[in-house]
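Residue-level structure breakdown
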Amino acid sequence: MTFFLTVYTLWQRELVRFYRVPSRWFGAVGTALLFWGVLGTGIGIENFRAYFFPGTIVMSMMFSCIFATASIIEDRQAGFLQSVMVAPVSRAAIVMGKILGGATLATFQGLLILVFAGTVGATFELGAFLGLIASLFLISFVVTAMGFWLAWTISSAPGFHAIMNMILLPMWMASGAVFAVSSSPWLKAFMTVNPFTYGVAGVRRGLFPNAVLDQVPGLQLSLWVLLGFAVFFYILSSIVVEKTGEKK
Amino acid sequence: MSHLLEVQNLSYQYGTRKALQDLTFSVEKGEIFGFLGPNGGGKTTTFKILSTLFSAQPGQVKIFGMDLAQDKIAIRRRMGIVFQLPALDKKLKVRENLVHQGHLYGLSGKELQTRIDRDLERVGLKDREKEKVEKLSGGLQRRVELAKALLNNPELMILDEPSTGLDPAARKEFWSHLENLRQSQGMTVLVTTHYLEEADRCDRLLILDKGVKVALGKPEALKAEIGGEVLRLKSKEPTVLAAKLMEKLKIKTQIVGDLIQIEQPKAYHLVAPILEAFPDDVLSLTLGLPTLEDVFIHQTGRRFSEDKE
């Protein structure tokens, strides 16, 4: 029972903190919309704004994840996480609470972009829409868990931002968000093992359930792959936290 | 009867730097036990090990008769911990912080609410519970930390430099809260400090320097070891004057920084002879009862404050 109480309390704290700092509402969503507006208009290919739309949602989600995990560094050195670390609770519960909180917020911030879905000709179908939410949530979980792991390992805020940007931006770019396929074999290989590919695919299939999308992974496959990545990074984060303070 | 806390041959290294060396001591139930030392002395490392953040190796730590290396979770349940840096969520209200803390200790529902009321009452913050922590002064925030650490009815409270950054009035108040709790709950308190006034309020004191135990005992006993009074002379050339004092008056001295220090019973008898013999060498002279600072100097040959940041 303490496991769930711990997860719940840490998850809830994330939501309240978000709600108390209104500027965070704009950061992630605003940046992604700017990208969408500028790139979508500037790149004059037909229907590019519609093509780029799922990537925009994922981008908004991604910025939100970076915000959520960057706070871990300070919180751990001079903040609430200090007490959490000496509380009689399992490390796995701490990690789950924090990641679930970050992933919930990121999903929500990705969904805010949907306000503009009507302008790109998206169709609403309940099943597809639920698939979209599930994909978005799972990719949020993956990115937050990755961020958690990096934040815990790096423990310096500027270093964390540098590394996160270096890793996440290429992952996002090579996910099918900006271009569908590449003739370069190594890029193709990278796209196949990139969790973002499956996140963007799930969102795209959710938005355009009736479109013919040959080169995009299917929804079911995407969900399974994302789930795998989520479990992997969750375990990885739990292990680093478990090892904190241990001496070899 | 076994001790509440038992530490045996505890050492800790950061890379090659030895932060703690072969520390052995024990603490009894109901004591206020202090760790005094300059920064870098090993206080914070000791705190981190005792608060279960670092694993102790080599060495053994027993708390409540349990081995810290094996029964971490069981020990954590019975401890309250106050960190040197704030461990509150400043965007949350006072009461919200306590609710989260309670959940982490498996408390919920009515029981939790009752305990929160009780502890806010104890630290005198019941009327501020709906305010965000960031709106409170430093002294009040410290009291929230204390209330938070009390929620699980700890038998042992560990505090790391809890009054750093507080003004003297707030510091005094914080300590009177601690003393009340010890008296009313029989709680054992471990506290690290580099303030001499705080160290004086402890029942027993462990003085740490460079990771080594330099003294352990009641503050009065430690001071009594020095005996008599302490006479300090300021001089332009302390080494020269020290040599002269030895030669002419047969007075044993110790040079500490730019001061000459004389520790002996009835040191006040020396004031007139010294001033008569060396009127030009002595710039100033102070005479006082030994303080904990003198204890530190006596043990290490250095001034306590020199090592401060």
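Residues numbered from 1 in each chain as written. Chains lettered and ligands numbered in written order. Predicted model: local features only at pLDDT ≥ 70, side-chain atom pairs only at ≥ 80, totals over all residues.

1. With respect to the overall build of chain A
Assigned secondary structure in chain A consists of ten helices and zero strands. Here the C-alpha radius of gyration of chain A, 18 Å, is about what a compact globule of 248 residues would show, namely 18 Å. When its C-alpha atoms are laid out on the principal axes, chain A stretches across 55 × 40 × 35 Å. The proportion of buried residues among the 248 residues of chain A is 48%. (Helix = DSSP H or I, 4+ residues; strand = E, 2+ residues; numbered from the N terminus. Rg over C-alpha atoms; globule rule 2.2 N^0.38 Å. Buried ≥ 20, exposed ≤ 12 C-beta atoms within 10 Å, placed from the backbone.)

2. Quick look at the overall build of chain B
Counting secondary structure elements, chain B contains eleven helices and 14 strands. In chain B, which comprises 309 residues, the proportion classed as buried is 40%. Sequence separation of at least 24 residues holds for 69% of the intrachain contacts in chain B that already meet a minimum separation of 6. (Contact = placed C-beta atoms within 7 Å.)

3. A short note on the pairing of strand 9 (residues 204-209) of chain B
Consecutive side chains of a regular strand alternate in pointing toward one face of the sheet and then the other. Residue and element names in this part refer to chain B. With five of six residues buried, strand 9 is to be regarded as a mostly interior element. Sheet topology note: the strand 3 (residues 32-36)/strand 9 ladder contains four bridges and is parallel. Residue pairing for strand 9: F33 is matched across the bridge by R204. Note: strand 9 against strand 10 (residues 212-217), five bridges, orientation antiparallel. Following the sheet pairing, I207 is matched in strand 10 by A215. Adjacent in sequence and paired antiparallel, strand 9 and strand 10 are bridged by two residues, among which K210 carries a positive phi angle near 50°. (Pairing = 2+ DSSP bridges.)

4. Some details on helix 11 (residues 292-300) of chain B
Within an α-helix, residues lying three or four positions from one another point in the same direction, as the helix has 3.6 residues per turn. The buried count for helix 11 of chain B comes to seven of nine residues, which makes it a mostly enclosed element. Residue B:G301 follows helix 11 of chain B closely and has a positive phi angle near 75°.

5. Notes on the sheet that holds strand 13 (residues 259-264) of chain B
All names here are of chain B. Taken in spatial order, the four strands of this open sheet run 12-13-11-14, and their pairing is antiparallel. This sheet does not close on itself; its edge strands, each paired only once, are strand 12 (254-256) and strand 14 (282-288). Here the average twist between neighbouring strands, direction ignored, is 25°. Pairing geometry for strand 11 (residues 229-235) and strand 14, over six bridges, is antiparallel. Paired with R232 across the bridge in strand 14 is T286. Docked against the sheet, helix 9 (residues 238-249) engages strand 11, strand 12 and strand 13, running at close to 35° with respect to strand 13. (Axes fitted to C-alpha atoms, helices over the stretch in contact; angles between N-to-C directions.)

6. As for the nonpolar core
Core analysis: the biggest nonpolar cluster contains 140 residues, and A:V58, A:M62, A:V142 and A:A145 have the highest contact counts within it. Considering each element in turn, this core owes the most residues, 15 residues, to helix 6 (residues 126-154) of chain A. Excluding anything up to four places from it in sequence, A:A145 contacts A:I99, A:A230, A:F233, A:Y234 and A:S237. Grouped together as the second largest cluster of nonpolar side chains are eight residues, B:V230, B:L233, B:L241 and B:L245 included. (Core = buried A, V, L, I, M, F, W, Y, C linked by C-beta atoms within 7 Å.)

7. Some points on the sheet that holds strand 10 of chain B
Residue and element names in this part refer to chain B. Strands sit in the order 6-7-8-3-9-10 across an open sheet of six strands; the sheet is mixed. The open sheet has two edge strands with one neighbour each: strand 6 (79-82) and strand 10. Averaged over all neighbouring strand pairs, the angle between strand axes comes to 15°, with direction disregarded.

8. Focus on the domain arrangement of chain B
Each assigned domain of chain B is listed here: domain 1 (5-219) and domain 2 (228-289). Distance between the C-alpha centres of domain 1 of chain B and domain 2 of chain B: 41 Å. (Domains from an automatic or database assignment.)

9. Quick word on the packing of helix 1 (residues 2-20) of chain A against helix 5 (residues 91-112) of chain A
Residue and element names in this part refer to chain A. Running from N to C, helix 1 and helix 5 cross one another at 35°; their axes reach a closest spacing of 8 Å. For helix 1 against helix 5, the interelement crossing comes out right-handed. For the pair formed by helix 1 and helix 5, the contact residues are F3, T6, V7, T9, L10, W11, R13, E14, L15 and F18 on the first element and A93, I94, M96, G97, K98, L100, G101, G102, T104 and L105 on the second. Here the residues of the contact of helix 1 with helix 5 are counted per class, giving eleven nonpolar, six polar and three charged. (Left-handed = near helix turned anticlockwise from the far one by under 90°. Nonpolar A, V, L, I, M, F, W, Y, C, P; charged D, E, K, R; others polar.)

10. Observations regarding the interface of chain A and chain B
Facing the 24 residues of chain A at the interface are 26 residues of chain B. Among the elements of the structure, helix 1, helix 3 (48-78) and helix 4 (81-85) of chain A are those that each provide at least two residues to the side of chain A that touches chain B. At eight residues, the largest contribution of residues to the side of chain A that touches chain B is made by helix 1 of chain A. Class assignment for the residues of the side of chain A that touches chain B results in eleven nonpolar, eight polar and five charged.

11. Description of the pairing of strand 8 (residues 188-193) of chain B
Residue and element names in this part refer to chain B. Most of strand 8 is tucked away: six of the six residues are buried. Both faces of strand 8 are covered, namely the face carrying T188, L190 and T192 and the face carrying V189, V191 and T193. Pairing analysis gives five bridges linking strand 3 to strand 8, with the strands arranged parallel. Residue pairing across strands places F33 opposite L190, the latter belonging to strand 8. Bridge count between strand 7 (residues 156-160) and strand 8: five bridges; the pairing is parallel. Within strand 8, the residue paired with L159 across the bridge is V191. Crossover strand 7 to strand 8 through helix 6 (residues 168-185) is right-handed. (Right-handed = clockwise from strand over helix to strand, strands pointing away.)

12. Remarks on the environment of B:I32
All names here are of chain B. As for its position among the elements, I32 is in strand 3. As a C-alpha pair, I32 and C202 span 170 residues in sequence and 5.2 Å in three-dimensional space. Setting aside anything within four residues of it in sequence, one finds I32 in contact with R182, V189, V191, C202 and D203.

13. Let's talk about the environment of B:A277
Residue and element names in this part refer to chain B. Tracing the sequence through the fold places A277 in helix 10 (residues 271-277). Take A277: there are 13 C-beta atoms within 10 Å of it, and that puts it in the partly exposed class. Considered as a pair, A277 and K248 are 29 residues apart in the sequence and their alpha carbons are 8.6 Å apart.

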